[in-house]
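Analysis of the macromolecular model
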Amino acid sequence: MRRLTALLPILRRLTPAGWMVGGIVLIGVLALGLGAAGFRWDPFDLSRRRLEAAERAAVAVRTEASARAAEARGQAGQILRLEAAHDRLRSLDRVTSRSLQSARTADDASLPIPDDRAARLREHDGELCRLAPALGGCTPAPEPAGDGDPTL
């Protein structure tokens, strides 16, 4: 009780600014005390916003990870297809080089080919070029003549 009576003369001398500062300090101490007791006051709903931002970031990370996984699977498949194509090319090169070597060293390599056989070979070559025009040695098909262009 004596302490309270000693505090009264100090409180009577406070100006309005002093009362305002005292009120602000009291509100701050009260807010700290309630926060320590577990009460939370979130008038702007900041915790929900932080949660939504974290969920959006998690979705973005999962999407990015699945895209990287699909990219890795596609690259692995591409490597396998490329290796298979290279194997086919190497085996085709071996067969072709053996065939060329045996054709060059054959007994009849310097003899001319009969005309009917040469015509059949040219026809077969033309058919191959028609089926796969991107093959080496195939001449491209001529473009159709436009209006006023001379015909071949």
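Residues numbered from 1 in each chain as written. Predicted model: local features only at pLDDT ≥ 70, side-chain atom pairs only at ≥ 80, totals over all residues. Heavy atoms only, no water.

Focus: the overall build of the protein chain
For clarity, the cut-off: Runs of E in the DSSP output that reach at least two residues are strands. Runs of H or I that reach at least four are helices, and both are numbered from the N terminus. Type-normalised accessible area, obtained with a 1.4 Å probe on protein chains alone, sets the label of each residue: buried when under 20%, exposed when over 50%, and partly exposed for intermediate values. Surface accessibility in these figures is a Shrake-Rupley result with a 1.4 Å probe; residues are shielded only by whichever protein chains are displayed.
For the protein chain, the helix and strand inventory stands at four helices and zero strands. Within the protein chain, buried positions represent 3% of all 152 residues. Split by element, the accessible area of the protein chain, about 14,200 Å² in all, is 64% carbon and sulfur.

Some points on the layout of surface pockets
The condition that has to hold: Definitions used throughout: a 1 Å grid over protein atoms alone; a cavity as a set of points that fits a 1.4 Å probe which cannot get out; a pocket as an open set with protein on both sides within 12 Å along at least five of seven lines; a lining residue as one with an atom within 4 Å of a point. Grid points are joined across faces, edges and corners, and a volume is the space filled by probe spheres set on the points. Residue type decides the class: Asp, Glu, Lys and Arg count as charged, Ala, Val, Leu, Ile, Met, Phe, Trp, Tyr, Cys and Pro as nonpolar, and the leftover types, Gly among them, as polar.
Roughly 340 Å³ of volume is contained in the largest pocket. In terms of lining, the largest pocket is formed by Val 95, Thr 96, Ser 99, Leu 100, Ala 103, Asp 108, Leu 111, Pro 112, Ile 113, Pro 114, Arg 117 and Leu 121. The set of elements that each furnish at least two residues to the lining of the largest pocket consists of helix 3 (46–104) and helix 4 (115–131). Ranked by residues supplied to the lining of the largest pocket, first place goes to helix 3 with five residues. Classifying every residue of the lining of the largest pocket by side-chain character gives eight nonpolar, two polar and two charged.

Describing the pattern of salt bridges
For clarity, the cut-off: Every case where a carboxyl oxygen of Asp or Glu lies within 4 Å of a side-chain nitrogen of Lys or Arg is listed as a salt bridge.
Applying the stated criterion across every chain, the model contains six salt bridges. Taking the shortest distance from any N to any O, the salt bridge between Asp 87 and Arg 90 comes out at 2.4 Å. Here Asp 87 and its partner Arg 90 are both found in helix 3, three residues apart, which amounts to about one turn of the helix. Using a relative accessible area of 43% as the deciding quantity, one classes Asp 87 as partly exposed. Exposure remark for Arg 90: the relative accessible area of 45% places this residue in the partly exposed category. One salt-bridge network, in which partners are shared between bridges, spans Asp 45, Arg 48 and Glu 52.

Quick word on a nonpolar patch on the surface
To keep things clear, this is the line we draw: Residues qualify for a patch when their relative accessible area is over 30% and they have no salt bridge, like charges being joined within 9 Å and the nonpolar side chains of Val, Leu, Ile, Met, Phe, Trp and Tyr within 5 Å.
Nonpolar side chains collect at one region of the surface, where Leu 4, Leu 7, Leu 8, Ile 10, Leu 11, Leu 14 and Trp 19 lie side by side and expose about 630 Å² of accessible area between them. If you trace the backbone, Ile 10 turns up in helix 1 (residues 2–12).

Regarding the confidence of the model for the protein chain
Just so we agree on the cut-off: For every residue, the predictor reports its confidence as pLDDT, a number between 0 and 100.
Averaged over every residue, the pLDDT of the protein chain is 83; the share at 70 or more is 88%. Per-element confidence in the protein chain is highest for helix 3, whose mean pLDDT is 92, and lowest for helix 1, whose mean pLDDT is 75.

Details of unusual backbone geometry
In the Ramachandran plot, Asp 45 falls in the positive-phi region, its phi being about 55 degrees despite a non-glycine side chain. Looking at the element boundaries, Asp 45 is found in the loop between helix 2 (16–36) and helix 3. A relative accessible area of 30% means that Asp 45 is categorised as partly exposed.

Brief notes about the environment of Ala 31
Looking at the element boundaries, Ala 31 is found in helix 2. According to the relative accessible area criterion, Ala 31 is partly exposed, its value standing at 48%. The spatial distance from the C-alpha of Ala 31 to the C-alpha of Trp 41 is 9.4 Å, given a sequence separation of ten residues.

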